[in-house]
Structure formats: structure tokens, C-alpha cells
Amino acid sequence: MWEAESKITDAEMEVMGALWASEEPMTLAQLKAALAESHGWSGDTTKTLLRRLCGKGAVEQEKRKVYYYRPLVAREQLGQYRTRRLIDKLYAGSAKAMVAALVEHRQLGPEDVDELRTFFQEMWEKEGN
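Report on the accompanying structure. Here the residue numbering is sequential within each chain, running from 1 through the sequence in written order. pLDDT decides what is reported in this predicted model: residues at 70 or higher carry local features, side-chain atom pairs at 80 or more are listed and counted, and totals for whole chains, interfaces and linings draw on all residues regardless. With hydrogens and water set aside, each side-chain value is computed from the structure's full complement of heavy atoms.

1. Regarding the overall build of the chain
Rule in force here: The helix and strand labels rest on DSSP assignments: H or I over at least four residues marks a helix, E over at least two residues marks a strand, and numbering proceeds from the N terminus. Two things to know: the radius of gyration comes from C-alpha atoms, and the globule rule equals 2.2 Å times the number of residues to the power 0.38. Computed by Shrake-Rupley with a 1.4 Å probe, the accessible areas treat only the displayed protein chains as cover when residues are assessed. We score Asp and Glu as negative and Lys and Arg as positive, and we do not count His or the chain ends. Charged side chains are reduced to one point each, which is NZ for Lys, CZ for Arg, CG for Asp and CD for Glu.
Looking only at helices and strands, one finds 6 helices and 3 strands in the chain. Seen in sequence order, the chain has helices and strands lined up from the N terminus as α-β-α-α-β-β-α-α-α. Over its C-alpha trace the chain gives a radius of gyration of 19 Å, far above what one expects of a compact globule, namely 14 Å for 129 residues. Carbon and sulfur atoms form 51% of the exposed surface of the chain, whose accessible area is close to 9,100 Å². For the chain, the centre of its 19 positive side-chain charges and the centre of its 21 negative side-chain charges are spaced 9 Å apart.

Here it is, written out as C-alpha cells:
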């Protein structure tokens, strides 16, 4: 596990999201524009969050004519860690309990359940069971 995964704040996740959405490294100006549009943040806020992410090893800055920023952590890597933590904290480590809660509270409808059933069956078959 990358050591700073648990220390990425929700605001920092928004910056990571903008970086993940871009196929190329982004300048501070590009990030400011993307985040100001969606969050109304000032440039100083964006710059502070970037500095923190660089310090945590989640983002790398590269000096060209200006600084360019790119994520060093994949969305999937951070997503897996956060999902596991959520399941551990809220459902005592039981993914089954989490899925049951989603169904019970109508967060997953019949179509979702059918898709999951197909997904599970395909995974089961891949593993040779």
C-alpha cells in the first residue's frame, strides 16, 4: 500500500479527479480553471492542495516553461484502498453486508442486481469454479 493513501482529503480527491480526467499533465492554470468551474475555488486553494499532494507523493510536478502536474497514484489504487476502509469501518469488513445495505435502501435496483449477478457468474467461471 502507498503510505499516504489514508491521508488524501476529500478536497485533495477533487484535484486528483481533475488530474485523472486529463490524459496529459496539467498546468496550474488548467487545474485552477477546471476546479473553479466545478467548485468555485480560488487559485490559492488549488495551489495549496497541489502542494500538499506533491508532498504526499500523490502528484508529481515537472518544470517546463511552467510547472505541469500529473498523478502518481492510479484512481483504481486509491479507490480500492478507500473501498476497503469503508467496508471495514461501516460493515465490520463484510462486503456482503455493504451490498445488502445498498439493496435494502434501494441504492441498487433490479437491473443493478442482475448486472452484478452476471458479473459474479463471469468471475466465477474465469476462476474455473
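Further notes follow.
2. What about a positive patch on the surface?
Spelled out, the test is: Note on patches: the residues involved have over 30% relative accessible area and no salt bridge, like charges join within 9 Å, and the nonpolar side chains Val, Leu, Ile, Met, Phe, Trp and Tyr join within 5 Å. Salt bridge, as used here, is a side-chain nitrogen of Lys or Arg placed within 4 Å of a carboxyl oxygen of Asp or Glu.
A cluster of basic residues, Lys-32, Lys-47, Arg-51 and Arg-52, forms a positive patch on the protein surface. At 3 residues, helix H3 (residues 43-55) tops the list of elements feeding residues into the positive patch. Mapping Lys-32 onto the fold places it in helix H2 (residues 28-39).

3. Side note on the side chain of Thr-27
Note the threshold: By definition, residues are in contact when any of their heavy atoms lie within 4.5 Å.
Checked against the element boundaries, Thr-27 lands in strand S1 (residues 26-27). Leaving out residues up to four positions away in the same chain, Thr-27 has contacts with Val-66, Tyr-67, Tyr-68 and Tyr-69.

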